[in-house]
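Descriptive structure summary
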Amino acid sequence: MKAVFSVSLLLGFFMTQSAHAGILQAKSSQTREVLSLDGLWYFTMNASLVSTIEEATDVDLNLMPVPSSYNDISTKLSVRDHVGAVWYKRTFFVPSSWNDKKVWIRFGSVCYNASVTINDEVAVTHSIGHLPFAAEISSLLKFGRENSIIVEVNNILTSTTIPQGNVETLISGREKQFFNFDFFNYAGIDRPVLLYSTNDAYVDDIDIKTDQSGKDGLVSYELALVGLDPSTSLEVNILDKRGDVVALSNEAADTLIVEDAQLWWPYLMDPNPGYLYTLEVLIKRGEELVDHYKQPFGIRHLEYTSDQFTINGRNIYIRGFSRHEDSDIRGKGLDLPLIIRDHSLIKWIGANCYRTSHYPYADEIMDLADQLGIMIIDEVPAVDTDDFNDELMENHKQSLTELHRRDKNRPAVVIWSISNEPVTQKNESEAYFRQIAAHIKSLDTSRPITIANAAQFDVEHSGQFLDILGVNRYEGWYQNVGQLDGIYQRIIEYATAWHDLHNKPVLITEYGADAEEGLSYLPTYIWSEEFQNDVMSEYFKAFDELRKESWFIGELIWNFADFRTDQDIRRVGGNKKGIFTRSRQPKQSAFLMRKRYWQLAYELDNATLPDDLDPYTSDAAKLKKKVNVDEL
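Residues numbered from 1 in each chain as written. Predicted model: local features only at pLDDT ≥ 70, side-chain atom pairs only at ≥ 80, totals over all residues. Heavy atoms only, no water.

**Let's talk about the packing of aromatic side chains**
If you walk through the whole model with that rule in mind, you get 34 aromatic pairs. Between Phe43 and Tyr88, the aromatic rings sit 5.2 Å apart at their centres with planes inclined by 75 degrees, giving edge-to-face as the arrangement. Taken together, the positions of Phe43 in strand β3 (residues 39-44) and Tyr88 in strand β5 (residues 85-93) put the pair 45 residues apart, joining distant regions of the chain. We note that Phe43, like Tyr88, is buried. With a centroid separation of 5.1 Å and 80 degrees between ring planes, the pair formed by Tyr511 and Phe543 is classed as edge-to-face. Of this pair, Tyr511 sits in the loop between β30 (506-510) and α8 (529-546) while Phe543 sits in helix α8, and the two are 32 residues apart along the sequence. This pair shows no difference in class: Tyr511 is buried, exactly as Phe543 is. Chaining the aromatic ring pairs together yields one cluster made of Phe179, Phe181, Phe183, Tyr354, Tyr359 and Tyr361. Against the face of Tyr474 rests Lys577, its NZ or CZ located 5.6 Å from the ring centre. (Phe/Tyr/Trp six-rings, centres within 6.5 Å; stacked < 30°, edge-to-face > 60°. Helix = DSSP H or I, 4+ residues; strand = E, 2+ residues; numbered from the N terminus. Buried < 20%, exposed > 50% of the residue type's maximum accessible area, 1.4 Å probe, protein only. Lys NZ or Arg CZ within 6 Å of the ring centre and 35° of its normal.)

See below:
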């Protein structure tokens, strides 16, 4: 358990930072305590009622659950379609025992703009939804007494926000938010709100990078430490899954060897997927423990070339979904039962990856993906990016900075997605995405970057800056509707054209067709479950032909589950391209997809097929199945 080399950053070790640079998760430890502010908060949409919010009467009930989106909870149209600011308020106690500590507040996400006031003093503001923010609030608190917090949340999107939108005044005088993206513009405090304490010396951030050397793992880390002085000392341990120390150091930055390392593997690529180690940091003054923090991580090596994408030396073939954080009533609010249901279905169907379309997902979702070995294509909230301008670019860069800061240590994150369906056919998009791509590359070169691109390959300008070409294509639906017989040839030609132009790996990031649950037609007809199956089957044929080329690296269907959209004559209660319903029940297509993904897992990763993949029909069918499997 020796270090390959040891770099003691003495300047950083003894530094004191005034700003809260890191965004580590709030976790209880030997030195840190966490209090949740989740629950029912008072709520109003009327600025004049904020001072008497406890008696506000502008909504059905002047209470709103946190975390949740507020839109679908009320019975009022004015709440669902509200544009502008709303206000949340509650009271809370901070223990007297925290009086000599630093106290922080951390929001998992507020959509989209937040201004937080504690005891009538502004504590923190933040723009860009779906990403966490935190601030030290010690000087604002009354220890051992009641405190009040008010959060003003504004959902207005403009041409410079991430994502973009615009507000127009209708003939009735009502304001309406317009946007180009095809999902509902949910708003509110949609992820947990936590208070946590630290001492005056603490770990502010951790940056971990890993690699392989034969059977050993190389773990390079760098700590951002605050409040240390010559009387403090540092211990850094790498713990295995059992909690045993497998490597250690006393430095703020170091590279350690983990002998005979257990690598982090994606689901079904190894019998033990998602293996996580823990980097444990302890700050001491003499025998006193001052701070204690644990950061999970996985040891794995990614490599990407013009025709390959590998993990730990093995080719990756991505099979999975683009998804949404979306459910009935809660909207985009964190829903732990739903998260477990979703990932149970992901394992059941044999998928190994999903894209966080079209924004970063909750910490709790990302934690689960790390643990299960589900690869993540991590996407910023830049959707249908257009009207390119300098202020938009700075906000876009900031969203990437915050996403990287939060997710840089996650082994599940294997690709950064820097936008979804931007208008890259415009000439001005070239200079814009040159800078956006360079920005994320300045933060991380260990992971490839992509865009889920809907623009035509021969007129768009972003592909030259990407490592992997993400392609959204809806043959048989948006393109050449109903023409099943053209899908195979067109998809092969389209994917090949992207590769030939840029000489880079190609990943289908979206394809599919809407299907209304229970709608059935023979012969097949659009919107039926049969048609959704038939579209998928034609794509499967094309994918299998493309898989003969090493540069074709995967397939993500749109979408995992049906989801709510803005009102549109094309959308009957929302987007119905899910292979699961919004209540997470399978359509016919889920069973078809399950057969494909498990057969791919068997062929590519030597996974064991589930016993219930095909129900019994006859001995002849059973024999045919055995022959087909043996041919894989």
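**Section: the pairing of strand β6 (residues 102-107)**
β6 sits mainly inside the fold: five of its six residues count as buried. Pairing of β6 with strand β13 (residues 193-198), which is carried by six bridges, proceeds in the antiparallel orientation. Across the sheet, residue Arg106 finds its bridge partner in β13, namely Leu194. Where β6 meets strand β9 (residues 133-136), four bridges bridge the pair, whose relative direction is antiparallel. (Pairing = 2+ DSSP bridges.)

**A few points about the sheet that holds strand β25 (residues 353-355)**
An order of β24-β25-β26-β27-β28-β29-β30-β31 is seen for the eight strands of this closed barrel, with the pairing classed as parallel. Neighbour-to-neighbour, the strand axes of this sheet turn through a mean angle of 25 degrees, independent of strand direction. Inspection of the sheet shows β30 paired to strand β31 (residues 552-558) by three bridges, in the parallel sense. Among the inter-strand pairings, Val506 is bridged to a residue of β31, identified as Phe552. Strands β28 (449-453), β29 (469-472) and β30 of the sheet are contacted by helix α7 (residues 487-502), whose axis makes an angle of about 150 degrees with β29. Seen against the sheet, α8 touches β30 and β31 and runs at an angle of roughly 170 degrees to β31. (Axes fitted to C-alpha atoms, helices over the stretch in contact; angles between N-to-C directions. Contact = heavy atoms within 4.5 Å.)

**Describing the domain arrangement of the protein chain**
Considered domain by domain, the protein chain is made up of domain 1 (33-198), domain 2 (202-297) and domain 3 (303-605). Once you take the C-alpha centre of each, domain 1 and domain 2 turn out to be 35 Å apart. (Domains from an automatic or database assignment.)

**Describing the sheet that holds strand β22 (residues 309-311)**
Ordered in space as β21-β22-β23, the three strands form an open sheet in which the pairing is antiparallel. The two strands at the open ends of the sheet, each matched to only one other strand, are β21 (302-304) and β23 (314-315).

**Some thoughts on the side chain of Thr232**
Here Thr232 shows up in strand β16 (residues 232-239). A distance of 2.6 Å separates a polar side-chain atom of Thr232 from the backbone oxygen of Asp229. (Polar contact = N/O pair within 3.5 Å; in protein donor to acceptor, adjacent residues only side chain to side chain.)

**Side note on the environment of Val124**
With respect to the helices and strands, the residue Val124 is situated in strand β8 (residues 121-126). Counting along the chain gives 27 residues from Val124 to Val151, while the straight-line C-alpha distance between them is 9.7 Å. Residues within four places of Val124 in sequence aside, it is in contact with Ala114, Ser115, Val116, Phe133, Ala134 and Ala135.

**Concerning the packing of α7 against α8**
Between α7 and α8, the least distance of the axes is 8 Å, while the angle of their chain directions is 45 degrees. Overall, the two elements α7 and α8 adopt an arrangement that is oblique. Our pair here, α7 against α8, has a crossing hand that is right-handed. Between α7 and α8, the residues in contact are Ile487, Tyr488, Ile491, Ile492, Ala495 and Thr496 and Val535, Glu538, Tyr539, Lys541, Ala542, Phe543, Glu545 and Leu546, respectively. Taken together, the residues of the contact of α7 with α8 break down into 10 nonpolar, one polar and three charged. (Parallel < 35°, antiparallel > 145°, perpendicular 65-115°, else oblique. Left-handed = near helix turned anticlockwise from the far one by under 90°. Nonpolar A, V, L, I, M, F, W, Y, C, P; charged D, E, K, R; others polar.)

**Concerning the UniProt feature "domain: Glycoside hydrolase family 2 catalytic" (unreviewed entry) in the protein chain**
Following the UniProt record, the feature "domain: Glycoside hydrolase family 2 catalytic" (unreviewed entry) maps to residues 305-601 here. The annotated region residues 305-601 carries 36% helix and 16% strand content, and the separation between its end C-alpha atoms amounts to 23 Å. (UniProt positions renumbered as here; feature names shortened; annotations may be inferred.)

**Here we look at helix α4 (residues 363-372)**
Within the span of α4, buried status applies to Asp363, Ile365, Met366, Leu368, Ala369 and Asp370. As for α4, its buried residues are in contact with β6, α3 (336-349), β25, β26 (375-379), α5 (390-407) and β27 (413-420). Count one or two residues on from α4 and you reach Gly373, which has phi positive near 80 degrees.

**Notes on the pairing of strand β12 (residues 175-178)**
The side chains of a regular strand alternate between both faces of the sheet. Bridge analysis of strand β11 (residues 166-169) against β12 gives four bridges, and the strand direction is antiparallel. Across the sheet, Asn166 pairs through a bridge with Phe178, a residue of β12. Turn length for the β11-β12 hairpin, with the two strands adjacent in sequence and antiparallel, is five residues, and the turn residue Gly173 shows positive phi of about 100 degrees.

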